[in-house]
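Now for the letters of each chain:
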Amino acid sequence: MAPTSRIAIFPGSFDPLTNGHVDVIARCVRLFDRVVVAILHNPEKRALFSLDDRLAILREETAAHSNVEVDTFEGLLVDYARSRQATAIVRGLRSVTDFDYEMHMALMNRHLNAAIETVFLMPAEQFTYVSSRLVKEIAALGGSLKGLVPASVETRLARRRSAAMSRSV
Ligand code: PNS
């Protein structure tokens, strides 16, 4: 890797990956030489998808970008970013509601390591109301996720639904 390479970390829970995340990743790859999509491994949080599933989904959905790597991390994000020689943390910003939380996190991360800059990227307008939390709720209630999540997420959820249905008959 050339010493001038700009490496960005795009961190998150990605539980599940949404089309909003995919949109932000596509914007990120145009701005940085290398993008590491980093999934937080938080064993205390009950997730819809296992860490392995989330890794597989993200790898499938970013396969077309040769400068994207998918990884997992534990502990402080700034420590992970430093270990990956990243100069930026990228976060998607959908609304003013996001801004309050994101600003506190960005400033705290700057307090912890001033060498790493947080960069906010806005997803396309049609994704401004799409969140993993709402997607999980819709999935639990059997609603359609068309247009909200990538195919690999829809397929896995459909597979789970049919497995649950065949168990209940
Ligand atoms: O997709 P999410 O859940 O909004 O992502 C949140 C994430 C993973 C970026 C945040 O929880 C995080 O960075 N966790 C790692 C622990 C850490 O560094 N905490 C201090 C942040 S100020």
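On a predicted model such as this, the values are computed, not experimentally measured, just so you know. (Residues numbered from 1 in each chain as written. Predicted model: local features only at pLDDT ≥ 70, side-chain atom pairs only at ≥ 80, totals over all residues. Heavy atoms only, no water.)

Asker: Outline the overall build of the protein chain, listing residues and values.
Answerer: The number of helices and strands found in the protein chain is six helices and five strands. Secondary structure elements of the protein chain, listed N to C terminal, follow the sequence β-α-β-α-β-α-β-α-β-α-α. Computed over the C-alpha atoms, the radius of gyration of the protein chain is 17 Å, within 12% of the 15 Å expected from 2.2 N^0.38 for a compact globule of 169 residues. Each principal axis of the C-alpha atoms in the protein chain carries an extent, and together these give about 60 × 35 × 30 Å. Expressed as a percentage of its 169 residues, the buried residues of the protein chain come to 42%. Taking contacts inside the protein chain between residues at least 6 apart in sequence as the whole, the part at least 24 apart equals 76%. For the protein chain, the accessible surface area stands at approximately 9,900 Å², while carbon and sulfur atoms represent 54% of it. One way to put it: in the protein chain the 21 positive side-chain charges average out to a point 3 Å from where the 19 negative ones average out. (Helix = DSSP H or I, 4+ residues; strand = E, 2+ residues; numbered from the N terminus. Rg over C-alpha atoms; globule rule 2.2 N^0.38 Å. Buried < 20%, exposed > 50% of the residue type's maximum accessible area, 1.4 Å probe, protein only. Contact = heavy atoms within 4.5 Å. Areas by Shrake-Rupley, 256 points an atom, 1.4 Å probe, with all protein chains shown as cover. Lys, Arg positive; Asp, Glu negative; His and termini not counted. Charge placed at Lys NZ, Arg CZ, Asp CG, Glu CD.)

Asker: An account of the packing of helix H2 (residues 51-62) against helix H6 (residues 151-168) is needed here, citing residue identities and associated values.
Answerer: Describing two packed helices takes the angle between their axes plus the distance from one axis to the other. Packing of H2 against H6 brings their axes to within 9 Å, and their N-to-C directions diverge by 140 degrees. With respect to each other, H2 and H6 are oriented oblique. Residues Asp 53, Ala 56, Ile 57, Glu 60 and Glu 61 of H2 touch H6, and the partners they reach there are Ala 151, Ser 152, Val 153, Arg 156 and Arg 160. In terms of residue class, the contact of H2 with H6 is built from four nonpolar, one polar and five charged. (Axes fitted to C-alpha atoms, helices over the stretch in contact; angles between N-to-C directions. Parallel < 35°, antiparallel > 145°, perpendicular 65-115°, else oblique. Nonpolar A, V, L, I, M, F, W, Y, C, P; charged D, E, K, R; others polar.)

Asker: With reference to specific residues and values, describe the environment of Ser 13.
Answerer: Note on placement: Ser 13 falls in the loop between strand S1 (7-12) and helix H1 (19-31). Overall, the relative accessible area of 31% leaves Ser 13 in the partly exposed class. Sequence spacing of Ser 13 and Leu 40 is 27 residues, and the spatial spacing of their C-alpha atoms is 5.3 Å.

Asker: Outline empty space enclosed by the protein, listing residues and values.
Answerer: This structure, assessed with the given rule, holds one cavity of 30 Å³ or more. Around the largest cavity, the lining residues are Pro 11, Leu 77, Ile 89, Arg 91, Glu 102, Met 105, Ala 106, Asn 109 and Thr 118. The set of elements that each furnish at least two residues to the lining of the largest cavity consists of strand S4 (88-92) and helix H4 (96-112). It is H4 that contributes the most residues to the lining of the largest cavity, four residues altogether. For the lining of the largest cavity, the per-class residue count stands at five nonpolar, two polar and two charged. (1 Å grid on protein atoms, 1.4 Å probe; cavity = no way out; pocket = protein on both sides within 12 Å on 5 of 7 lines; lining within 4 Å. Points joined across faces, edges and corners; volume = space filled by probe spheres on them.)

Asker: Go over the site of the ligand with me, naming the residues and quoting the values.
Answerer: Lining the immediate surroundings of the ligand are Gly 12, Ser 13, Leu 40, Phe 73, Gly 75, Leu 76, Leu 77, Arg 91, Met 105, Met 108 and Asn 109. At 2.6 Å from an oxygen atom of the ligand is found a side-chain nitrogen or oxygen belonging to Ser 13. Arg 91 has a polar side-chain atom sitting 2.9 Å from an oxygen atom of the ligand. Relative to its unbound accessible area of 550 Å², the ligand is 74% covered by the protein chains. When atom positions are compared with the pocket grids, the ligand is found to occupy the largest pocket. If you tally residues by element for the shell around the ligand, the top one is H4, at three residues. (Near = heavy atom within 4 Å. Polar contact = N/O pair within 3.5 Å; in protein donor to acceptor, adjacent residues only side chain to side chain. Sits in = over half its atoms within 2 Å of the grid points.)

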